[in-house]
Amino acid sequence: MVQDILDQEFYTKQFVARNKEDEIFNGTGKYSDILDIQQGYEVDWEDNRTLKRDTRLVYYCVPVPGRNTWTRPSSRDVVMTTSPDVMTTSRDVTTQNNVVEVSCGKKRGAEDPDEMDTDEDESKKVKSGENVETSQKEEDSSSFQGLNMVLPTDSGVCCIPLIYTQDTSPFKINDVIEITGILERLEIDTSSVEMDEEESARFPPSSIVPRVHCLDVKLRSHINPLLSCDPVDFQEKEVTEVLSAALSVRSELVAMLRKCTAGDPIAAEYLLLHLLSHVYGRRDEVMTLGKFAVNMTKCPPKETKFVECLSTLFSSISEKSFVFPLTITNFNISTMLPKKDYKANRLRSGLLQLPKGMQIILDETVLEPGQLKPNGVENLKCLGNLISWQKLAYDFGFSYNIEFECDAKVLILGEGKSLLPSDMVVPLKPMEDNTDYQQIISEIHSNEDMLNRFRKYLTVLRHIQYDEVSDELQKKIEQDFVAERKSNPKDVTGDTLHRSLVIARLYALSRGHTQLEEEDWNSAKSLERDRLSRIASS
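Note that this is a predicted model, so its numbers are computed, not measured.

The rules behind the values
Residues numbered from 1 in each chain as written. Predicted model: local features only at pLDDT ≥ 70, side-chain atom pairs only at ≥ 80, totals over all residues. Heavy atoms only, no water. Salt bridge = Lys/Arg side-chain N within 4 Å of Asp/Glu carboxyl O. Helix = DSSP H or I, 4+ residues; strand = E, 2+ residues; numbered from the N terminus. Buried < 20%, exposed > 50% of the residue type's maximum accessible area, 1.4 Å probe, protein only. Expected span 1.5 Å × (residues − 1). 1 Å grid on protein atoms, 1.4 Å probe; cavity = no way out; pocket = protein on both sides within 12 Å on 5 of 7 lines; lining within 4 Å. Points joined across faces, edges and corners; volume = space filled by probe spheres on them. Nonpolar A, V, L, I, M, F, W, Y, C, P; charged D, E, K, R; others polar. Contact = heavy atoms within 4.5 Å. Phe/Tyr/Trp six-rings, centres within 6.5 Å; stacked < 30°, edge-to-face > 60°.

Caption draft 1: Structural context of the pattern of salt bridges. One pass over the full model with this rule turns up 26 salt bridges. Across the pair K525 and D480 runs a salt bridge whose closest N-O atoms are separated by 3.0 Å. You can see K525 sitting in helix α14 (residues 518-537) and its partner D480 sitting in helix α12 (residues 471-487), a full 45 residues away along the chain. The pair K525 / D480 is uniform in exposure class, with both members buried. One salt-bridge network, in which partners are shared between bridges, spans E9, D33, R56 and R211.

Caption draft 2: Spatial organisation of helix α6 (residues 265-276). Between its first and last C-alpha atoms α6 spans 17 Å; for 12 residues at 1.5 Å apiece the expected length is 16 Å, and the two agree. Taken across its 12 residues, α6 has 11 buried, putting it largely inside the fold. Buried residues of α6: I266, A267, A268, E269, Y270, L271, L272, L273, H274, L275 and L276, and no others.

Caption draft 3: Just empty space enclosed by the protein, in detail. Summed over all chains, the structure comprises six cavities of 30 Å³ or more. At three residues, the largest contribution of residues to the lining of the largest cavity is made by helix α11 (residues 448-463). Looking at the lining of the largest cavity residue by residue, the classes come out as three nonpolar, four polar and four charged.

Caption draft 4: Highlighting the environment of G181. Tracing the backbone shows G181 in strand β8 (residues 177-184). The sequence separation of G181 and P161 amounts to 20 residues, and the corresponding C-alpha distance is 8.5 Å. When near neighbours in sequence (up to four residues on either side) are disregarded, G181 contacts V212, H213, C214 and L215.

Caption draft 5: Fine view of the packing of aromatic side chains. Tallied over the full model, the rule gives nine aromatic pairs. Relative to F398, the ring of Y342 lies with its centre 5.5 Å away and its plane at 55°, an arrangement referred to as tilted. Here the residue Y342 occupies a position in the loop between β14 (339-341) and β15 (346-348), and F398 occupies one in the loop between β17 (391-395) and β18 (401-405), the gap between them amounting to 56 residues. Judged by relative accessible area, Y342 falls into the partly exposed class, the value being 43%. With 4.2 Å between their ring centres and 25° between their planes, Y394 and F404 make a pair best called stacked.

Below you can see the structure in the form of structure tokens.
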């Protein structure tokens, strides 16, 4: 993911070198950080006729935040890893199913190089049977000033892509890109060279953050390895396969969601629609079309493993996800928004600097009484803006913020209605007693074929082309809305119609329909009536 866009840099596009015999050697600095000049040859750096310079774009990329295990390459395909210390900064974290847990205790990380105790120093030493080069890389990793990972659960290799293009900037911050290029792995001793923070961020050790001279870069709208690279290029048979099996896979997925919600059919349906949702349009800078944040209330307490069960399923079928426990401590000490560091001339990441399609689970079942500090209040506001507007104002200092558009699916799980806004409140109503959530978790892990069907189904239907509502059905929808408003003018508003259309659209997609049909509209209305009836009776 593009975490930051650095300043462009100049490079020598073409040069001519001569030796004492006046023999000429033509070379280029393209796709390399150091000029490859043959021994005995020299370049006349003042000759503007033979010397041509150009600029290349420089990005800072991090592993896709919250990327779930099933989308990653197998271990035999991974050629580089980073030290575990680099995965965290000065935050102590617990990571399981991409659960982001922040605690007050400090852990020496990439941004605390001086806080090393003797035990940690000893662990860095080369033990018998260990690879010397690997050990050295770990030492370099621990001393490097911050990889700028977004989530504490993230791991992998950061890189600095250099793109040779005439475009001003083909990619934006938070874009997910696929890079094919030449890996620069020059091991240059910079210990004797004084570098300021900006130079250190731009030229980190290549063993930690390699520079990649790009031959080809593609924007990725999904990272599902079971499907073609881009929805525009989905193979016809892939789409046909998913659409033809949509009803059966839908039934199977709803059945699994019902298990995770103790047999609740309404909660299962709304969770399915939530999984399929995404922002597909914006109007007048105030309306975001397609967002579908769900606040599920009356959830079982944390001891039941309800949240763990649901998050396990979501992480097994979503490409990117993370769980954030909404404790007072997490609110108060977390950094949600990215912030510009002018001293290092880089954008410092925050927990909400996320790519499109991220699944966020906010766990309120762990919330206890306490007082929010100013930072906690600001974080609460940031989450609210993300849910309501799918926008975040990154902090560029000097009272200057830049808004970035988001597309995050937010699911709030709690015992009561959340302080955070949502598009749907769905009270959980268990139909089964003593649900064994641990057994359901084991069942999820044991059925890879089933999970693969869910993964293809969700990715294809989230990106497939959806046609406009037919004129005939549009008239029926208008008539239904007018009738409902007459019978209940106080509660039925324009927002009600918008919400019903979003539900109907997602319901149609869940059945493999690329255009809303009357049956879908009637089923969606019935589902919404059941939800509102449950809220009224609870």
